[in-house]
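Coordinates in review
One letter stands for each residue in the lines below.
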Amino acid sequence: MRLLSGIKGRAAGLSLSVFLSLAAIPATAPAAEGLRFLVFGDTPYTAEQEEILMRTVAPAIQGAGFSFLIHLGDIKASGEPCTDRLIGARYRQLMGLLEDRVFYTPGDNDWTDCDRLKNDPRFPEVERLAHLRGLIRSEPLALPSDWRYATQKGYPENARWTQGEVIFATIHIVGTNNGRRETLLDGIEATLDLVDARDAANSIWLEAAFNAADA
């Protein structure tokens, strides 16, 4: 089995998202011959970046023949308001880059930073994560059966899919010490319990990905 990992971080570990691919194939064989996919994150942060993304980058992505796209989180700047309107618009733009072929794992800008003093209006971070999960659930990807696409119950941001003999999985891990630091508008103990539950769910999902690769 071959393990390929990709990690997106920010200075001092303030933002972290992870994707893993597990290839249950001989080490001498190519992991996925001819498979081309795109991974990026931390965009768009400004109106100018949003315009460039939709006018220039989107057509290039759509014409490049990628099998799928993974966005590692932060579809908005930390200081932008976390309104339903903005988050919904950015999410739909992202999903439209490759119809039914975009896998998104939220970043800290997308929910844990929404209660910061610099934001106006401010939102409880737990509620914003629930809103993001509602968006993911409301627009499930329509993928061919041979992709074996699945999401984790209760944690739709954790996804798993297959391309050829390669299994990919997303695991939701964010900055602010994975949501443990600077909880300003939610009850501390209840929020920490939710973080612990998410960590446990991530471990289960990661183990399931390895088991699927072994099978």
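Residues numbered from 1 in each chain as written. Predicted model: local features only at pLDDT ≥ 70, side-chain atom pairs only at ≥ 80, totals over all residues. Heavy atoms only, no water.

So, about the sheet that holds strand 4 (residues 68-71). In spatial order, the strands read 3-4-5; together these three strands make up an open sheet with parallel pairing. Every other strand in the sheet has two partners, leaving strand 3 (37-40) and strand 5 (102-104) as the edge strands with one partner each. Between one strand axis and the next, the sheet turns through 15 degrees on average, direction left out of account. Where helix 2 (residues 84-95) meets the sheet, it contacts strand 3, strand 4 and strand 5, and its direction lies at approximately 140 degrees from that of strand 5. (Pairing = 2+ DSSP bridges. Helix = DSSP H or I, 4+ residues; strand = E, 2+ residues; numbered from the N terminus. Axes fitted to C-alpha atoms, helices over the stretch in contact; angles between N-to-C directions. Contact = heavy atoms within 4.5 Å.)

What follows concerns the pattern of salt bridges. Taken as a whole and assessed by the stated rule, the structure comprises 12 salt bridges. The partner of Arg90 in a salt bridge is Glu50, and the shortest N-O contact between them spans 3.5 Å. Of this pair, Arg90 sits in helix 2 while Glu50 is found in helix 1 (residues 47-62), placing the two residues 40 residues apart along the sequence. An identical accessibility class is assigned to Arg90 and Glu50; each is buried. Between Arg55 and Glu51 there is a salt bridge, with its nearest N and O atoms 2.7 Å apart. (Salt bridge = Lys/Arg side-chain N within 4 Å of Asp/Glu carboxyl O. Buried < 20%, exposed > 50% of the residue type's maximum accessible area, 1.4 Å probe, protein only.)

Looking at the protein chain as a whole, the pLDDT averages 87, with 85% of positions reaching at least 70. Segment residues 1-31: pLDDT under 50, and 86 contacts once partners within four positions in sequence are set aside and those in other chains are kept. (pLDDT = per-residue confidence, 0-100.)

Leu69, Tyr91, Leu94, Leu97 and Tyr104 are the most contacted members of the largest nonpolar core, which totals 23 residues. If we ignore the near neighbours within four places in the chain, the residues touching Leu69 are Leu38, Phe40, Ile61, Leu94, Leu97, Leu98, Arg101, Val102 and Phe103. Phe68, Ile70, Phe103 and Trp147 belong to the second largest nonpolar core, which has 11 residues in total. (Core = buried A, V, L, I, M, F, W, Y, C linked by side-chain atoms within 4.5 Å.)

A few words on the pairing of strand 7 (residues 155-163). Judged by how many residues are buried, strand 7 sits mostly within the fold: nine of nine residues are covered. For strand 6 (residues 150-152) and strand 7, the ladder comprises three bridges, and the chain directions are antiparallel. Paired with Thr151 across the two strands is Ala159, which belongs to strand 7. The antiparallel hairpin formed by strand 6 and strand 7 contains two residues in its connecting segment, where Gly154 sits at a positive phi of about 85 degrees. With four bridges joining them, strand 7 and strand 8 (residues 166-171) adopt antiparallel strand pairing. Within strand 8, the position partnered with Thr162 by the bridge is Ile167. From the end of strand 7 to the start of strand 8, which pair antiparallel, there are two residues, and Gly164 there has a positive phi angle of about 60 degrees.

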